[in-house]
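Survey of secondary and tertiary structure
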Amino acid sequence: MTRSEPPQPLPADHTQAILEATKEVGAVLKTSGCPFALVGSVAVYAHGIPVRLQHDTDFALRAEDADTVTRLLRRRGIRIVEPPEDWLVKARSGGEEIDLIFALAGRPVTRELLDRAWTLPVDSVHMPVIDPTDLLVGRLAALSEHHCDFGPLLPVARGLRERVDWDRVRAETRDRPMAVAFLYLLELLDVLPGTPPAGDGDTGDGAGDGPGDGGDDDD
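Residues numbered from 1 in each chain as written. Predicted model: local features only at pLDDT ≥ 70, side-chain atom pairs only at ≥ 80, totals over all residues. Heavy atoms only, no water.

Remarks on the nonpolar core
- Formed by 60 residues in total, the largest nonpolar core has its most connected members in Leu38, Phe59 and Trp166.
- Among the elements that take part in this core, helix α1 (residues 15–32) stands out by supplying 5 residues, more than any other.
- Non-local contacts of Leu38, meaning those with residues more than four positions away in its chain, are made with Thr22, Ala43, Ala46, Thr57, Asp58, Phe59, Val122, Met127, Pro128, Val129 and Ile130. (Core = buried A, V, L, I, M, F, W, Y, C linked by side-chain atoms within 4.5 Å. Buried < 20%, exposed > 50% of the residue type's maximum accessible area, 1.4 Å probe, protein only. Helix = DSSP H or I, 4+ residues; strand = E, 2+ residues; numbered from the N terminus. Contact = heavy atoms within 4.5 Å.)

As structure tokens, this is what we get:
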């Protein structure tokens, strides 16, 4: 007989601790006067998709507002950590990590993106949460040959499908092969309607007309 390995414990569920950190930072950001939006897994949670929160909470804001925000967070007693990356600032509150992000999947955070945010309750505290379409665009744009796990994305896409502008998602990710593959998978799973072949329903240029169909009928 061989002794089987004992089951490994599941990672701790930090949901409530992360929500507390989210509410604390969100309250500071609301008093700052700087536009922002909750992004990442906590944004998915705020949109009503059941997920376990285990890592951190993420906020998108413009790079030009970073000094104002970090100064206010320090006054609140939140520790700021300067990372080597130039597109985010890290902070810690109550043992939980907070990311202040200035670029999503390589694209700078803009006022237009933040203005599209929805105001939603996050564990009873209302704050701006990234628009569902922008959320999906960011998630799909982050896929690559080295990071291409469709599993966590499927329940998000299913749960948000009625609130997403899928035409915009397709347009903004059409040059990213992994995103295109995921959208095709959604079609196969009947999460999304299929994309009609080019030329279907196009009657403006005569495409698809049979021989001799050029306009005048021969009687």
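Now that the structure has been shown, we can carry on.
A short note on the packing of helix α7 (residues 166–173) against helix α8 (residues 177–188)
- Here α7 crosses α8 at 150 degrees, and the two axes come no closer than 9 Å. When the interaxial angle is binned, α7 and α8 end up roughly antiparallel. When the axes of α7 and α8 are compared, the crossing they make is left-handed. Every residue of α8 that contacts α7 at Trp166, Val169, Arg170 and Thr173 is listed here: Ala179, Val180, Leu183, Leu186 and Glu187.
- Along the lines of polarity and charge, the residues of the contact of α7 with α8 split into 6 nonpolar, 1 polar and 2 charged. (Axes fitted to C-alpha atoms, helices over the stretch in contact; angles between N-to-C directions. Parallel < 35°, antiparallel > 145°, perpendicular 65-115°, else oblique. Left-handed = near helix turned anticlockwise from the far one by under 90°. Nonpolar A, V, L, I, M, F, W, Y, C, P; charged D, E, K, R; others polar.)

Looking at the packing of aromatic side chains
- Per the counting criterion, the structure on display carries 2 aromatic pairs.
- Measuring from ring centre to ring centre gives 5.1 Å for Phe150 and Phe182, while their planes differ by 65 degrees; the resulting arrangement is edge-to-face. In this pair, Phe150 sits in the loop between α5 (132–141) and α6 (153–160) while Phe182 sits in helix α8, placing the two residues 32 residues apart along the sequence. Neither Phe150 nor Phe182 differs from the other in exposure class; each is buried. (Phe/Tyr/Trp six-rings, centres within 6.5 Å; stacked < 30°, edge-to-face > 60°.)

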